[in-house]
Amino acid sequence: MKQTMNLKPQVAKVSIPLPVSPVWGDVADSGQPVTAVVFECTEAAYSYPYHTLSRWVLTPGTSETLRVQAGEDEVTIQGRNLKSISDALASARLRTLRAICTRYDTPNDEVVVSRISVETQLPPGHSI
């Protein structure tokens, strides 16, 4: 004896688009705990616990610079519209930051991270 099963027609559901992280990084939602930030450079990825970040200085201009003191290291971020990244650091919500290729035209109000460099100050004879 063969049984048949009637399928109920699907009611048209409106799909809710998932939030997309920006190309330049990842910021946690408000209230989500973030304990470390990762700076992705071309040569390596550097992770720092938030408690090691002692200050950051945003220098505005046509090409902006954001300098972050992380323990003994200094992270230098260059780009455009970096205030939102500085704000994400201040609220401990920045999880990942990466430089993006700026070959393509981007709107002037969009965040662009063109370069990240890390100057490490490891004591002599120490390595990671």
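Residues numbered from 1 in each chain as written. Predicted model: local features only at pLDDT ≥ 70, side-chain atom pairs only at ≥ 80, totals over all residues. Heavy atoms only, no water.

Participant: Is there a simple way to explain the overall build of the protein chain in this structure?
Facilitator: Scanning the protein chain from N- to C-terminus turns up one helix and eight strands. Sequence-ordered secondary structure for the protein chain, helices as α and strands as β, is β-β-β-β-β-β-α-β-β. The burial tally for the protein chain puts 29% of its 128 residues in the buried class. Considering only contacts within the protein chain whose residues lie at least 6 apart along the sequence, 55% involve residues at least 24 apart. Taken as a whole, the protein chain presents about 9,500 Å² of accessible surface, with 54% of it coming from carbon and sulfur. (Helix = DSSP H or I, 4+ residues; strand = E, 2+ residues; numbered from the N terminus. Buried < 20%, exposed > 50% of the residue type's maximum accessible area, 1.4 Å probe, protein only. Contact = heavy atoms within 4.5 Å. Areas by Shrake-Rupley, 256 points an atom, 1.4 Å probe, with all protein chains shown as cover.)

Participant: When you look at the sheet that holds strand β3 (residues 45-49) in this model, what are you seeing that I'm missing?
Facilitator: As a general point, the strands of a sheet are linked pairwise by backbone hydrogen bonds and lie either parallel or antiparallel. Read from one edge of the open sheet, four strands run β1-β7-β2-β3, paired in mixed fashion. Edge positions in the sheet fall to β1 (25-27) and β3, since each of these pairs with one other strand and no more. Neighbour-to-neighbour, the strand axes of the sheet open up by a mean angle of 15°, direction not taken into account. Relative to strand β7 (residues 94-98), β1 runs antiparallel, the two sharing three bridges. What sits directly across from Val27, in β7, is Leu94. (Pairing = 2+ DSSP bridges. Axes fitted to C-alpha atoms, helices over the stretch in contact; angles between N-to-C directions.)

Participant: So what exactly am I meant to see when it comes to the environment of Ser86 here?
Facilitator: One can find Ser86 in helix α1 (residues 83-90). Its relative accessible area of 12% is what places Ser86 among the buried residues. Distance from Ser86 to Val57, taken between C-alpha atoms, is 8.3 Å for residues 29 residues apart in sequence.

Participant: It is not clear to me how the pattern of salt bridges should be interpreted in this structure. Could you clarify?
Facilitator: If charged atoms from side chains of opposite charge come close, those side chains can pair. Throughout the structure, instances matching the rule amount to three salt bridges. Asp26 serves as the salt-bridge partner of Arg95, at 2.8 Å between the closest nitrogen and oxygen. Taken as a pair, Arg95 in strand β7 and Asp26 in strand β1 lie far apart in primary sequence, 69 residues in all. Residue classification places Arg95 among the partly exposed residues on the basis of a relative accessible area of 30%. (Salt bridge = Lys/Arg side-chain N within 4 Å of Asp/Glu carboxyl O.)

Participant: What's the story with unusual backbone geometry in this structure? I'm lost.
Facilitator: Generally, phi is negative for residues other than glycine and the peptide bonds are trans, each holding for most cases. At Asn81, a position not held by glycine, the phi torsion is positive, near 55°. Secondary-structure assignment places Asn81 in the loop between β6 (73-80) and α1. Using a relative accessible area of 25% as the deciding quantity, one classes Asn81 as partly exposed.

Participant: Is there a simple way to explain the pairing of β6 in this structure?
Facilitator: Looking down a regular strand, the side chains alternate between one sheet face and the other. Two elements, strand β5 (residues 64-70) and β6, share seven bridges in a ladder whose sense is antiparallel. Pairing of Thr65 across the sheet is with Gln78, part of β6. Connecting β5 to the next strand, β6, in antiparallel fashion are two residues, including Gly71 with a positive phi near 65°. Sheet topology places β6 next to strand β8 (residues 112-119); seven bridges connect them, and they run antiparallel. Looking at β8, one finds that Gly79 is bridged to Val113.

Participant: Where do I start with the nonpolar core in this structure?
Facilitator: Nonpolar side chains in soluble globular proteins tend to be buried together. Residues Tyr48, Ile77, Ile85, Leu94, Leu97 and Val113 are the most contacted members of the largest nonpolar core, which totals 27 residues. It is β8 that contributes the most residues to this core, four residues altogether. Residues contacting Leu94, with those up to four places away along its chain left out, are Trp24, Asp26, Val27, Val34, Ala36, Val37, Tyr50, Ile85, Ala88 and Leu89. (Core = buried A, V, L, I, M, F, W, Y, C linked by side-chain atoms within 4.5 Å.)

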